[in-house]
Amino acid sequence: KVKRRCPLDSEWREGEHSVLVELDGPEQSPAAGKAVVQLKMPSDVVIVLLHRRGKYLNVSGNTVLDAGDHLLMMVAHDNALTKLTDIFGVTPQRM
């Protein structure tokens, strides 16, 4: 797998537990066609960046996700990864 270039870099302080994860929404994703606010994501998850058709977009609650969107998310706890897998139909990968 080739690592995708991203206009975002992160540096963690000692003791911080949040992780940056990424996922590509599959064509049959349960999240496709829904606004972010409708997804009922865990409160400790933030969508940091959305990559769609060659452009990086800021995300708000009203942003409607498309199949194939590439998302970067900050996740505070590992148990949120299971919930994200249920929401998107694919397991996010740690960066």
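Residues numbered from 1 in each chain as written. Predicted model: local features only at pLDDT ≥ 70, side-chain atom pairs only at ≥ 80, totals over all residues. Heavy atoms only, no water.

## Topic: the pattern of salt bridges
In the structure shown here, the tally under the stated rule is 3 salt bridges. Linking Arg52 and Asp66 is a salt bridge whose minimum nitrogen-to-oxygen distance equals 3.3 Å. Here Arg52 is found in strand S2 (residues 45–52), whereas its partner Asp66 is found in the loop between strand S3 (55–57) and strand S4 (70–75), with 14 residues between them in sequence. Overall, Asp66 belongs to the partly exposed group, its relative accessible area being 28%. Between Asp69 and Arg52 there is a salt bridge, and its shortest N-O distance comes to 2.7 Å. Of the two residues, Asp69 is situated in the loop between S3 and S4 and Arg52 in strand S2; the sequence distance between them amounts to 17 residues. Both residues of the pair, Asp69 and Arg52, count as buried. (Salt bridge = Lys/Arg side-chain N within 4 Å of Asp/Glu carboxyl O. Helix = DSSP H or I, 4+ residues; strand = E, 2+ residues; numbered from the N terminus. Buried < 20%, exposed > 50% of the residue type's maximum accessible area, 1.4 Å probe, protein only.)

## Regarding the nonpolar core
If you look at the biggest cluster of nonpolar residues, it comprises 19 residues, and the most contacted ones within it are Met41, Leu65, Leu71, Met73, Val75, Leu84 and Phe88. Only strand S1 (19–24), S2, S4 and helix H1 (79–88) provide two or more residues apiece to this core. For this core, the leading source of residues is H1, giving 5 residues. Ignoring any residue separated from it by four or fewer positions in sequence, one finds Met73 in contact with Val19, Leu20, Val21, Leu23, Val45, Val46, Ile47, Val48, Leu84 and Phe88. (Core = buried A, V, L, I, M, F, W, Y, C linked by side-chain atoms within 4.5 Å. Contact = heavy atoms within 4.5 Å.)

## A closer look at unusual backbone geometry
Backbone geometry places Lys40, a non-glycine residue, at a positive phi of 55°. Checked against the element boundaries, Lys40 lands in the loop between S1 and S2.

## Remarks on the sheet that holds S1
Backbone-to-backbone hydrogen bonds join strands into a sheet, with any given pair of strands oriented parallel or antiparallel. Pairing in this open sheet of 5 strands is antiparallel, and the strands run S3-S2-S4-S1-S5 from one edge to the other. Each edge of the sheet is formed by a strand with only one pairing partner; in this case those strands are S3 and strand S5 (93–94). Examined bridge by bridge, S1 and S5 share 2 bridges and lie antiparallel to one another. Looking at the pairing, Val21 lines up with Arg94 of S5. Docked against the sheet, H1 engages S1, S2, S4 and S5, running at close to 155° with respect to S4. (Pairing = 2+ DSSP bridges. Axes fitted to C-alpha atoms, helices over the stretch in contact; angles between N-to-C directions.)

## Notes on the pairing of S2
With respect to burial, S2 is a largely interior element, 6 of its 8 residues being buried. Examined bridge by bridge, S2 and S4 share 6 bridges and lie antiparallel to one another. Bridge assignment links Val46 to a residue of S4, and that residue is Met74. Across 3 bridges, the pairing between S2 and S3 is antiparallel. Each residue of the ladder has a partner; that of Leu50, found in S3, is Leu57.

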